[in-house]
Amino acid sequence: MSAHSHVDGQLPHEPEKATLEGRNKVLGFWLFLGGETVLFGTLFSAFLALRHQVLGGPPAEELFNLGLVAAATLILLTSSLTSVFAVHALHTHQVKSLIMWLIITVVLGAGFLGLEIYEFVHYVHEGHGFTTSAFSSSFYTLVGFHGAHVAFGILWISLLIIQLAKKGLNTTTAPKVYIASMYWHFIDVVWVFIFTVVYLMGKVG
Amino acid sequence: MAHAHAHTHAVKRHSGLMDWLTTVDHKKIGILYLLAGGFFFLVGGLEALLIRIQLWKPMNDFVSADTFNELLTMHGTTMIFLAAMPILFALMNAIVPLQIGARDVAFPFLNSLGFWTFLFGGILLNVSWFTGGAPDAGWTAYAPLAGTTYNGDHGVDYYVLGLQVAGIGTLIGGINFLVTIINMRAPGMTFMRMPMFTWTIFITSALILFAFPALTVGLAALMFDRLFDANFFDPSGGGNAVLWEHIFWIFGHPEVYILILPAFGVISEVISTFSRKRLFGYSSMVFATILIGFLGFMVWAHHMFTTGLGPVANALFSIATMLIAVPTGIKIFNWLFTMWGGSIIFNTANLFAVGFVPTFVMGGVTGVMLAAAPADFQYHDSYFVVAHFHYVIVGGLILGIFSGLHYWWPKMFGRALNETIGKLTFWTFFIGFHLTFFIQHFLGLLGMPRRIWTYLDGLGFNEMNLISTIGAFLMALGTILFLLNIVTTAFKPKNAPADPWEDGRTLEWTIPSPAPEYNFAQTPLVRGYDAYWKEKMDGHKGMTPAEPLGPIHMPSPSILPFFMGVGLFIAALGFMYAPDWGDMFDGFKAGYGVGIFGLLILFGCMFLRSVIDDHGFHIEEEEILKDKGGKA
Ligand code: HEM
Ligand SMILES: [Cu+2]
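Keep in mind that what you see is a predicted model, and the values were worked out from it rather than measured. (Residues numbered from 1 in each chain as written. Chains lettered and ligands numbered in written order. Predicted model: local features only at pLDDT ≥ 70, side-chain atom pairs only at ≥ 80, totals over all residues. Heavy atoms only, no water.)

Undergrad: Residues and numbers for the overall build of chain B, please.
TA: Regarding its fold elements, chain B presents 18 helices and 6 strands. Taking all 632 residues of chain B together, the buried fraction comes to 60%. Looking at chain B alone, contacts between residues at least 24 apart form 81% of all its contacts between residues at least 6 apart. On chain B, roughly 23,200 Å² of surface is accessible, and the fraction owed to carbon and sulfur atoms is 71%. (Helix = DSSP H or I, 4+ residues; strand = E, 2+ residues; numbered from the N terminus. Buried < 20%, exposed > 50% of the residue type's maximum accessible area, 1.4 Å probe, protein only. Contact = heavy atoms within 4.5 Å. Areas by Shrake-Rupley, 256 points an atom, 1.4 Å probe, with all protein chains shown as cover.)

Structure, rendered in structure tokens:
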């Protein structure tokens with residue numbers, strides 16, 4: 001049950017599940033993501049119920065610039081791929097490459113976030129403020145919750161990168177990296193739904 | 001367990017207040033939940049008494065209409081979120097790890113975090129009494145009443161933020177117990193050998209996981225509406241007030257099953273123990289629990305029959321709601337058949353359990369009556385509904401909690417409660433309860449609306465309201481007797497044996513009362529359902545250990561969860577008062593500064609938790625043997 005049952009250098013293939021603490025973390029995080037699914041499900045429902053209430057503000061089909069959003073989507077999906085490579089490096093115990101892939105993931109995430117902030121600023125100039133209409137409030141809440149998740153993920157993974165650099169890969173750091181990558185995938189999946197439900201459906205009307 | 005350990009660590013143990021602030025021991029956290037939940041139960045009870053005093057005669061003006069609305073709102077909110085749920089958390093913390101043969105919960109640190117966020121959320125909610133007015137839009141906070149148009153002061157802000165903070169704690173607790181039950185069972189403790197109480201906590205935790213995030217979103221949206229002028233529920237901004245009702249009840253109906261399932265678990269344990277019989281139909285009990293949990297998510301609109309969803313929706317939700325009566329009925333019959341032919345001992349714990357059965361049936365029957373949508377148009381928003389939910393919540397859940405507390409008190413504190421006072425508690429509370437609420441069915445049928453401040457003379461309500469108020473005072477007397485019992489018991493010697501009822505069937509009765517820090521000196525090997533009873537029947541004195549005696553690894557205590565609660569508390573106050581406090585510097589509100597400061601405390605603690613590895617400490621063999629020498 002101890003966190004140190006394996007000496008460094010003899011890590012098992014899946015170091016994240018080598019200890020009970022690790023297994024608990026992974027299972028607990030799966031469950032947490034189940035709760036997050038309900039959270040985003042409720043946000044989506046609210047958005048769907050309110051998305052036609054634009055009042056005086058610009059409607060979705062005029063507002064959205066699909067090119068920009070598609071670029072953001074591409075960046076975020078790529079970051080999911082790089083986090084897969086990171087977990088692969090975790091399983092083959094290559095700390096250097098693990099850190100490198102995590103850094104790339106964080107950079108891509110920051111790129112996504114930058115585009116999103118730019119997008120929001122642009123919308124506000126178009127007259128689509130947070131308080132404009134029920135559409136705008138629910139839009140910013142849904143997409144903003146996702147953006148906040150990305151921001152949190154960036155900080156979290158950055159912190160893990162520092163820990164990996166200092167402490168190396170062991171049965172304490174491995175589960176942390178593993179669940180952070182689960183989190184990152186989850187955010188990506190949510191974004192795919194946002195892209196479809198908010199932007200594509202918004203363009204169709 | 002891991003011998004020959006790479007690191008050795010000094011035993012980190014605090015004492016006194018510091019021990020309670022930093023503890024990550026599930027048994028102590030259980031006691032903290034009991035203290036805090038018990039305190040809020042008294043506060044909510046006091047509010048109830050004031051409500052009943054106001055209503056004891058027509059045209060009374062004991063409290064003003066505004067105060068009445070505050071009392072009513074705070075009574076409901078406090079009882080559900082700050083009293084009932086935390087006391088359930090107390091029981092599950094104190095007992096579930098013991099019942100599955102575990103040394104601890106899966107996430108001891110998060111366990112303590114859950115407690116502190118709940119406590120600070122609860123305190124936040126109640127601070128409102130002293131800062132210009134408590135929330136007064138009902139515990140359901142329907143829009144647009146809860147919006148800024150009709151509630152311009154900060155009352156509902158406290159509701160939104162207090163529940164949000166407390167809700168985090170609940171969600172954490174749910175995940176913690178799911179993982180604990182899935183991953184930490186002793187060898188041989190298969191799912192179908194788990195005690196019924198553990199099963200109900202398992203399903204309740206799953207309901208928490210899938211229901212509370214909906215509340216999180218609802219509260220966040222209402223907060224945005226109130227603090228940042230969003231338009232979710234405000235029709236003039238394109239919002240939709242009915243959306244709040246949907247979100248609230250998608251959470252709210254599962255919530256009522258979150259509350260009642262653990263009570264079902266307690267009743268199953270107590271009735272089986274004191275009938276000295278195996279629980280009748282164990283597997284059908286498990287199945288019924290799962291089914292109730294599942295159906296609980298499909299019936300929310302029965303709270304909205306009169307909202308105007310249309311006949312098709314009403315019919316479907318009617319049928320779905322009535323379906324729940326089937327698994328519930330299964331449980332009732334299983335309890336009856338468990339008692340059938342048993343040698344029943346009517347001590348306090350069992351009196352509460354046996355009293356629960358017919359009382360809860362009455363609540364279920366009115367539930368099915370309410371589930372008939374056309375009839376509900378008559379009952380809705382009348383005292384009939386008030387009677388219904390008090391029969392299921394007080395007559396169900398609270399009787400269950402009293403039963404569980406009397407039953408497990410020796411295990412939690414090492415002293416058994418006094419039986420004479422206990423029985424007095426039962427009879428006063430039980431009679432008081434029926435006196436208060438039975439009559440309310442008829443008040444409702446006569447047309448008395450719920451949530452009214454006062455009523456006119458000559459409507460035929462007078463006598464019934466008076467009886468109801470007298471009943472409420474009898475319940476209060478029962479509660480005082482219970483407190484008296486706790487106090488007198490605390491002065492008795494701490495001498496409860498491991499198996500004080502002598503008929504214990506489950507693992508918690510195999511270890512000393514109260515349980516040592518590490519619960520089990522040696523993890524037990526479970527050989528069947530009712531693990532301890534099976535050993536007794538096979539002529540064994542105790543459990544067969546599944547491991548040799550050795551040092552036991554324990555998690556370190558931590559003060560961080562406490563400060564995370566403090567951080568959230570400060571942040572909530574800051575954001576709430578930002579409109580009033582003026583600017584810190586040009587264009588930046590002081591309130592936001594305070595809010596960000598609170599969040600920084602929170603994130604700072606999270607940062608520390610992430611970077612500082614917790615190696616825990618070991619309890620050595622000698623200490624365990626010393627404990628064993630004393631008792632067990
Ligand atoms: C056989 C099972 C049950 C059925 C069929 C049922 C049905 C209903 C229905 C149809 C209503 C809506 C009445 C109205 O507002 O017009 C209602 C209200 C309520 N029920 Fe139940 N119920 C059942 C069990 C429970 C249980 C076990 C609990 C809690 C432990 C509970 C707690 C409540 C509460 C709190 C309300 C009122 C909420 C409010 O408007 O403030 N019910 N029930
Ligand atoms: Cu319901």
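Undergrad: Give a detailed account of the interface of chain B and chain A, specifying residues and quantitative values.
TA: The interface of chain B with chain A comprises 40 residues on the first partner and 38 residues on the second. Carbon and sulfur atoms make up 74% of the area that chain B and chain A hide from each other, which totals about 3,100 Å². The largest share of the area that chain B buries against chain A comes from B:Val217, B:Phe232 and B:Ser610, three residues that together contribute 15% of it. Put simply, chain B and chain A have 1 salt bridge between them. The salt bridge partner of B:Asp613 is A:Lys167, with a shortest N-O separation of 3.5 Å. One can count 9 residue pairs in polar contact (both at pLDDT 80 or more) joining chain B with chain A. Mapped onto the side of chain B that touches chain A, the elements with two or more residues apiece are α5 (155-183), α6 (196-228), α7 (241-274) and α17 (590-611) of chain B. Of the residues forming the side of chain B that touches chain A, the biggest block, 9 residues, is contributed by α6(B). Residue composition of the side of chain B that touches chain A, grouped by class: 25 nonpolar, 13 polar and 2 charged. (Buried area = accessible area lost by both parts, 1.4 Å probe. Salt bridge = Lys/Arg side-chain N within 4 Å of Asp/Glu carboxyl O. Polar contact = N/O pair within 3.5 Å; in protein donor to acceptor, adjacent residues only side chain to side chain. Nonpolar A, V, L, I, M, F, W, Y, C, P; charged D, E, K, R; others polar.)

Undergrad: Quick rundown of a nonpolar patch on the surface? Include the residues and the values.
TA: All names here are of chain B. A contiguous nonpolar surface patch, about 400 Å² in accessible area, is contributed by Trp56, Leu435, Leu466, Ile467 and Ile470. With 3 residues, helix α14 (residues 462-490) is the largest single contributor of residues to the nonpolar patch. Looking at the element boundaries, Trp56 is found in the loop between α2 (26-54) and α3 (65-99). Judged by its relative accessible area of 37%, Trp56 is partly exposed. (Patch = residues over 30% accessible without salt bridge, like charges linked within 9 Å, V, L, I, M, F, W, Y side chains within 5 Å.)

Undergrad: So, the site of ligand 1: which residues are in play, and what are the values?
TA: Residue and element names in this part refer to chain B. Around ligand 1, 22 residues are found, and the nearest of them are Trp139, Asp376, His380, His388 and Arg450. Trp139 is positioned such that a nitrogen or oxygen atom in its side chain is 3.0 Å from an oxygen atom of ligand 1. In this structure, Asp376 approaches ligand 1 through a side-chain N or O atom, which is 2.5 Å from an oxygen atom. Contributions of two or more residues to the shell around ligand 1 are made by α7, α10 (348-371) and α12 (383-413). Considering each element in turn, the shell around ligand 1 owes the most residues, 6 residues, to α10. (Near = heavy atom within 4 Å.)

Undergrad: Which residues make up the coordination of the copper ion (ligand 2), and what values do they have?
TA: Residues and elements named next belong to chain B. Those donors, His253 (ND1), His302 (NE2) and His303 (NE2), are the protein atoms that reach the copper ion (ligand 2), and they lie 1.8 to 2.1 Å from it. Mapped onto the sequence, the donors of the copper ion (ligand 2) take the spacing H-x48-H-H. Distance-wise, the iron atom of ligand 1 is placed 4.5 Å from the copper ion (ligand 2). You can see His253 sitting in helix α7 and its partner His303 sitting in the loop between α8 (282-295) and α9 (311-339), a full 50 residues away along the chain. (Donors = N, O, S within 2.8 Å, 3.2 Å for Na, K, Ca; no water.)

Undergrad: Break down the coordination of the iron atom of ligand 1 for me, with residues and values.
TA: Each donor-metal-donor angle would ideally measure 109.5 degrees in four-coordinate tetrahedral geometry, or 90 or 180 degrees in six-coordinate octahedral geometry. For the iron atom of ligand 1, the protein contributes exactly one donor atom, B:His388 (NE2), at 2.1 Å. Its location among the elements puts B:His388 in helix α12.

Undergrad: Got a sec to walk through the UniProt feature "domain: Heme-copper oxidase subunit III family profile" (unreviewed entry) in chain A? Specific residues and values, please.
TA: Here, the residues flagged by UniProt with the feature "domain: Heme-copper oxidase subunit III family profile" (unreviewed entry) are residues 27-203 of chain A. As annotated, residues 27-203 of chain A comprises 85% helix and 0% strand, and the C-alpha atoms at either end are separated by 39 Å. (UniProt positions renumbered as here; feature names shortened; annotations may be inferred.)

Undergrad: Tell me about the side chain of A:Thr42, residues and numbers included.
TA: Within the secondary structure, A:Thr42 sits in helix α1 (residues 20-50). Taking the relative accessible area as the measure of exposure, A:Thr42 reaches 11% and is therefore buried. Reaching out from A:Thr42, the side chain makes a polar contact with the backbone oxygen of A:Val38 at a distance of 2.7 Å. Among all residues touching A:Thr42, those that are not within four sequence positions of it are B:Ala214, B:Val217 and B:Ile247.

Undergrad: How would you sum up the nonpolar core? Please name residues and give values.
TA: The tendency in soluble globular proteins is for nonpolar side chains to be buried as a group. Residues and elements named next belong to chain B. Counting 166 residues, the largest nonpolar core has Phe81, Phe115, Phe212, Trp335 and Phe356 as the members making the most contacts within it. Looking at which domains feed residues into this core, each of domain 1 (16-558 + 614-631) and domain 2 (563-613) gives three or more. When neighbours within four sequence positions are excluded, Phe81 is seen to be in contact with Pro86, Phe118, Trp139, Leu163, Phe212, Leu215 and Phe251. (Core = buried A, V, L, I, M, F, W, Y, C linked by side-chain atoms within 4.5 Å. Domains from an automatic or database assignment.)

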